[in-house]
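Residue strings, one per chain:
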Amino acid sequence: MIIALPISRGRLASHFTKAQQVHFYDENHQLLLSIPNPALGGNCQDKKALLDAIRAQHTCIVVVQHIGERMLGKLLDAGISVSRGDNQLSIATLLAQSKEVNLRLTEASQGRASLKHLAKGGCCGAKGSCGCGGKAKTTQTLLSLTQAQPSLTLAKPIAYSGFRLSK
């Protein structure tokens with residue numbers, strides 16, 4: 001069982017994607033690997049690289065203090081457990097607590113909402129596809145769909161099972 005901890009200044013990072021490094025530990029709490037955090041660039045591709053690195057190490061549990069709801073959802077969708085930690089605790093204590101079920105985050109809504117993501121217009125924003133797998137939906141497109149007028153003129157009314165159109 002592999003446990004990942006985002007680390008900054010020798011402690012658990014206060015925010016998952018802003019950590020300086022990610023450390024990977026085995027079930028005996030021995031450090032296996034330490035990598036620089038690829039998500040520090042802050043864009044979708046960098047965050048995807050962090051997720052890919054965690055998957056590549058076959059991580060079972062990630063310990064976080066704060067995490068965004070989108071990244072939390074992606075970790076949970078990948079079958080990776082996410083445990084809440086506190087950067088005031090030692091790494092040994094965090095590793096020992098990582099298996100406690102009552103500290104687990106189980107829904108994406110338990111993460112922080114991304115204000116920057118919303119300010120950019122959601123995934124992909126106005127710049128086009130960012131490659132993170134989200135769907136580009138602009139407000140203009142949604143408005144045009146809701147305001148579209150039917151262009152089909154029917155000679156006789158259509159009857160649906162149990163419904164009748166009145167004139």
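Cut-off values and rules
- Residues numbered from 1 in each chain as written.
- Predicted model: local features only at pLDDT ≥ 70, side-chain atom pairs only at ≥ 80, totals over all residues.
- Heavy atoms only, no water.
- Helix = DSSP H or I, 4+ residues; strand = E, 2+ residues; numbered from the N terminus.
- Expected span 1.5 Å × (residues − 1).
- Buried < 20%, exposed > 50% of the residue type's maximum accessible area, 1.4 Å probe, protein only.
- Arc of directions from axis to C-beta.
- Contact = heavy atoms within 4.5 Å.
- Pairing = 2+ DSSP bridges.
- Right-handed = clockwise from strand over helix to strand, strands pointing away.
- Salt bridge = Lys/Arg side-chain N within 4 Å of Asp/Glu carboxyl O.
- Axes fitted to C-alpha atoms, helices over the stretch in contact; angles between N-to-C directions.
- Parallel < 35°, antiparallel > 145°, perpendicular 65-115°, else oblique.
- Left-handed = near helix turned anticlockwise from the far one by under 90°.
- Nonpolar A, V, L, I, M, F, W, Y, C, P; charged D, E, K, R; others polar.

J.: Could you give me a rundown of helix α1 (residues 44–56), with the residues and numbers involved?
T.: In an α-helix, one full turn covers 3.6 residues, which means residues spaced three or four apart are oriented alike. Compared with an ideal rise of 1.5 Å per residue, which puts 13 residues at 18 Å, α1 spans 18 Å between its outermost C-alpha atoms and is within 8% of the ideal. Considered for burial, the residues of α1 that qualify are L50, L51, A53 and I54. Looking straight down α1, one finds its buried side chains confined to an arc of 155°; they lie on one side. Summarising the contacts, the buried residues of α1 are in contact with β3 (21–25), β4 (31–36), β5 (59–64) and α2 (69–77).

J.: Tell me about the pairing of strand β6 (residues 81–84), and please be specific about residues and values.
T.: Summarising the sheet, β5 and β6 pair through 4 bridges and their orientation is parallel. Each bridged residue has a counterpart across the sheet, and for V62 the counterpart in β6 is V82. Following the chain from β5 across α2 to the adjacent parallel β6, one finds a crossover that is right-handed. As judged from the 2 bridges shared by β6 and strand β7 (residues 104–105), these two strands associate in the antiparallel manner. If you follow S83 over to β7, its bridge partner there is R104.

J.: Can you explain the pattern of salt bridges? Please cite residues and give values.
T.: All told, the structure shown has 2 salt bridges when counted by the stated rule. As a salt-bridge pair, K48 and D52 come within 3.1 Å of each other at their nearest N and O atoms. Linking K48 with D52, this pair stays in helix α1, spanning 4 residues, or about one helical turn. Note on K48: relative accessible area 43%, which makes it partly exposed. Residue D52 is classed as partly exposed on the basis of its relative accessible area of 31%. Taking the shortest distance from any N to any O, the salt bridge between D52 and R55 comes out at 3.8 Å. Residue D52 and its partner R55 are located together in helix α1, separated by 3 residues, close to a single helical turn.

J.: Hey, could you go over the packing of α1 against α2 for me, with residue numbers and the actual values?
T.: Packing of α1 against α2 brings their axes to within 11 Å, and their N-to-C directions diverge by 30°. Viewed along their axes, α1 and α2 adopt a mutual orientation that is roughly parallel. By crossing handedness, the relation of α1 to α2 is classed as right-handed. From α1, K47, L50, L51, I54 and R55 reach across to α2, where they touch M71, K74 and L75. Classifying every residue of the contact of α1 with α2 by side-chain character gives 5 nonpolar, no polar and 3 charged.

J.: Give me α2: which residues, what numbers.
T.: Those residues of α2 that fall on the buried side of the exposure criterion are M71, L72, G73 and L75. Close packing links the buried residues of α2 with α1, β5, β6 and β7.

J.: Any chance you could break down unusual backbone geometry for me, citing the residues and the numbers?
T.: Even without glycine at this site, R9 takes up a positive phi of about 55°. Turning to its location among the elements, R9 is positioned in the loop between β1 (2–8) and β2 (11–12). Given the relative accessible area of 76%, R9 is considered exposed. Positive phi outside glycine occurs at H58, with the angle close to 55°.

No statement about biological role is implied by the geometric values presented.
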